[in-house]
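# Analysis of the macromolecular model
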Amino acid sequence: LRWEIPGVYTERFDRQTSFDMAAVNPVLQQAGITVNGRPVLGSFNLVGTDGHPERGLRPERYKLFAPRAGIAYRLNNRTVLRAGGGIFYIPADTNFPEAPLQAAVNYINNDMAATANNSVTPLNTLTNPYPGGFVAPPQRDQNFQSTLLGVAGVRSPQRIEEYGYTAQWNFTIQHELPTGIAVEASYSALRGVHLPRGNPGRQLDVIPTDVILREGSRLTEQVQNPFFGLVNSGLLSNPTIPRGQLLRPFPQYLGNIDFGAYIGNSNYHSLQTKVEKRFPQGGMVLMSYTFSKLIGDTETFSNWLEGGGVAGVQDYSNLRLEKSLSSFDSRQRLTLSFVYDLPIGSGGRFASKANGFTNRLISGWGVNGLLTFQEGFPLGMTATPNQLSQYDTGLRPNVIAGCEKKIEGAIQQRLNRAFNTSCFAVPAPFTFGNEARTDPNLRGHGINNVDFATFKKTPLTETTNLEFRIEAFNLFNRVKFANPNLTANTAANNTFGVISSQANTPRLLQLALRFSF
């Protein structure tokens, strides 16, 4: 039984904030500003103050107990049963977007407002893009609430959050065949609970779905800006603003991002098999096969690193609809690896009596390699034009009922139409599409790769050795095509469904000479 005290983010000079969604904004309250006849909610609290008494971003956790259990039982001399399970808490520093570096009082974007009045009137020019100057991070300045008004994408962590963890369990049968081959079959599963939203986080300042559907094009109407004069830059510094801005829960900001929002969930189930053979003269062969399924409503902290792309969020006010196959769900994966010392030369089956220069030349050779075959990842669609993009809302296409999305044939024959694009349509303005976060029927190109190497070990003396290697990565120069264009749009010359790049590198050969002493 583990007892964990994970720690919390602190900053040397207490330059951190949390966001209180229920508090009335003190600056706007003092100015007597209301929106739609109601006080404006949403206020930041500095750590170490009445609204946030702790120095850390959140109160420390002292009740995180993580039980673990494991058992192994030998049925006979060749068969073993193993089972285990446990609770694993997420390390406190994993959610690096919540670090003090990106706190609201330390991290401000200065966006250039090129036009006013819904892109009608030129406002700022390239010769003077920031006539009002730059907005500097306020840190613990007493006027920090005023400085944060009108900021885009302001970081808004909550003081009180659930703590994320995973529950993991497995059951395994291991058996040794009479020929010395070891086989293994395992059921392994994981459930993620209270997972952080990570990057891009959760948007707190989105217009409710029912309001979007009700208001429609009225969201773009220009209305008087109640915050005019209080904000010096950005959209809210203009005399008029789109009507939709005032329908946000916190209209005094241009989007509130909570990189925590520990409300994510995931489920993983898999069958994992393994066959292994070791050779007494040196070497081994290992084959592994995994059949699995991963579903969830949150993905990753580092979507900019994910090669296949990460499916985006359409409606932050209804995250239940985000549950789908994960963007990195790999349904089937087979790997075969081997290392084998060739039985040639002194001590081997062939030419075992060789000696002198001949023995040095023919002995010590070996090969190793890795073969990888994997099904492609699910595809996540988007759609454009999106009239709601400025309100932190995504858009996915509509799926035509009864339409067959897949197109048969080799991927090389489908580069200009990887799937049936006629099965998808751009939704009507100010409505949402019915496509899932990832499509359950369509996947990207999988992996079919072979890496191979041959090596020669030559003892020079009792204490020195020379090794020569010839290595080939992607030996057969096979292409792994990147995902097709996944954005449905209404343009006549759109490239929706077109594959235009590859995701792997061509064959790479390298020679290496290593001297050990």
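You'll find the structure just up there.
Here goes a summary of the coordinates provided. Computed from a prediction, not measured in an experiment: that's the story for all the values here.

Each helix and strand counted, the protein chain has four helices and 29 strands in total. What you see for the protein chain is a C-alpha radius of gyration of 30 Å, clearly larger than the 24 Å of a compact globule of 517 residues, by over 25%. Viewed in the frame of its principal axes, the protein chain has a C-alpha envelope of about 100 × 60 × 50 Å. Across the protein chain, every contact between residues at least 6 apart in sequence was considered, and the portion connecting residues at least 24 apart equals 73%. Carbon together with sulfur atoms contributes 56% to the accessible area of the protein chain, which is approximately 27500 Å² in total. Here the protein chain contributes 47 positively and 38 negatively charged side chains, and the mean placements of these two sets differ by 8 Å.

Regions of empty space are outlined by a rolling probe, equal in size to a water molecule, passed over the atoms. Across all of its chains, the model carries two cavities of 30 Å³ or more by this definition. Lining the largest cavity we find 15 residues, and of these Pro97, Glu98, Gln102, Arg155 and Pro157 sit closest to its centre. Within the lining of the largest cavity, the residues separate by chemical class into eight nonpolar, four polar and three charged. In this structure, the second largest cavity encloses a volume near 50 Å³. Surrounding the second largest cavity, Pro385, Asn386, Gln387, Leu388, Gly394, Leu395, Pro427, Ala428, Pro429, Phe430, Thr431 and Phe432 form its lining. Its residues assigned to classes, the lining of the second largest cavity shows eight nonpolar, four polar and no charged.

Right, let's get into unusual backbone geometry. For the bond from Thr384 to Pro385, the omega torsion is 5°, close enough to zero to count as cis. Note that Pro385 resides in the loop between strand S23 (382–383) and strand S24 (398–399). We note that Ala261 has phi near 45°; this positive angle belongs to a residue other than glycine. Mapped onto the elements, Ala261 comes out in the loop between strand S17 (254–258) and strand S18 (264–278). Of note, Asn477 is a non-glycine position whose phi angle comes to about 55°, a positive value. Among the secondary structure elements, Asn477 is positioned in the loop between strand S27 (465–473) and strand S28 (487–488). Assessed through its relative accessible area of 36%, Asn477 is described here as partly exposed.

The next point concerns the pattern of salt bridges. Evaluation of the coordinates by the stated rule reveals 21 salt bridges. Measuring nitrogen to oxygen at the nearest pair gives 3.8 Å for the salt bridge that ties Glu4 to Arg68. Note that Glu4 is positioned in strand S1 (residues 2–4) and Arg68 in strand S7 (residues 68–76), a separation of 64 residues in sequence. Residue classification places Glu4 among the buried residues on the basis of a relative accessible area of 16%. Glu299 is paired through a salt bridge with Arg437; the nearest N and O atoms lie 2.4 Å apart. In this pair, Glu299 is assigned in the loop between strand S19 (283–296) and strand S20 (324–325) and Arg437 in the loop between strand S25 (424–425) and strand S26 (447–459), connecting sequence segments 138 residues apart. Residue classification places Glu299 among the buried residues on the basis of a relative accessible area of 16%. What emerges from the salt-bridge pattern is a single network uniting Arg214, Glu215, Arg218 and Arg243.

Judged by pairing direction, the sheet is mixed, and its three strands sit side by side in the order S11-S17-S14 without closing on themselves. Across the chains shown, the open sheet's two edge strands, defined by having one partner strand only, are strand S11 (152–155) and strand S14 (202–203). Bridge count between S11 and S17: three bridges; the pairing is parallel. The residue bridging Val154 from the neighbouring strand is Asn256, located in S17.

Bringing the environment of Leu415 into the picture now. By secondary structure assignment, the location of Leu415 is in the loop between S24 and S25. On the basis of relative accessible area, Leu415 is assigned to the partly exposed category, the value being 24%. Put simply, Leu415 and Val498 are 83 residues apart on the chain and 5.8 Å apart in space, counted from C-alpha to C-alpha. Ignoring sequence-local partners within four residues, the contact set of Leu415 consists of Phe481, Gly497, Val498 and Ile499.

Attention now moves to the nonpolar core. Membership of the largest hydrophobic core comes to 27 residues, with the highest contact counts inside it found for Phe44, Leu148, Phe227 and Tyr253. Counting only elements with at least two residues in this core, the list comes to helix H1 (26–30), strand S5 (41–46), helix H2 (144–148) and S11. Excluding its chain neighbours within four sequence positions, the residues that come into contact with Leu148 are Phe44, Ala104, Ile108, Pro138 and Tyr253. In this structure, Ala418, Cys423, Phe424 and Leu486 belong to the second largest nonpolar core, which totals 13 residues.

Calculation notes
- Residues numbered from 1 in each chain as written.
- Predicted model: local features only at pLDDT ≥ 70, side-chain atom pairs only at ≥ 80, totals over all residues.
- Heavy atoms only, no water.
- Helix = DSSP H or I, 4+ residues; strand = E, 2+ residues; numbered from the N terminus.
- Rg over C-alpha atoms; globule rule 2.2 N^0.38 Å.
- Contact = heavy atoms within 4.5 Å.
- Areas by Shrake-Rupley, 256 points an atom, 1.4 Å probe, with all protein chains shown as cover.
- Lys, Arg positive; Asp, Glu negative; His and termini not counted.
- Charge placed at Lys NZ, Arg CZ, Asp CG, Glu CD.
- 1 Å grid on protein atoms, 1.4 Å probe; cavity = no way out; pocket = protein on both sides within 12 Å on 5 of 7 lines; lining within 4 Å.
- Points joined across faces, edges and corners; volume = space filled by probe spheres on them.
- Nonpolar A, V, L, I, M, F, W, Y, C, P; charged D, E, K, R; others polar.
- Buried < 20%, exposed > 50% of the residue type's maximum accessible area, 1.4 Å probe, protein only.
- Salt bridge = Lys/Arg side-chain N within 4 Å of Asp/Glu carboxyl O.
- Pairing = 2+ DSSP bridges.
- Core = buried A, V, L, I, M, F, W, Y, C linked by side-chain atoms within 4.5 Å.

No statement about biological role is implied by the geometric values presented.
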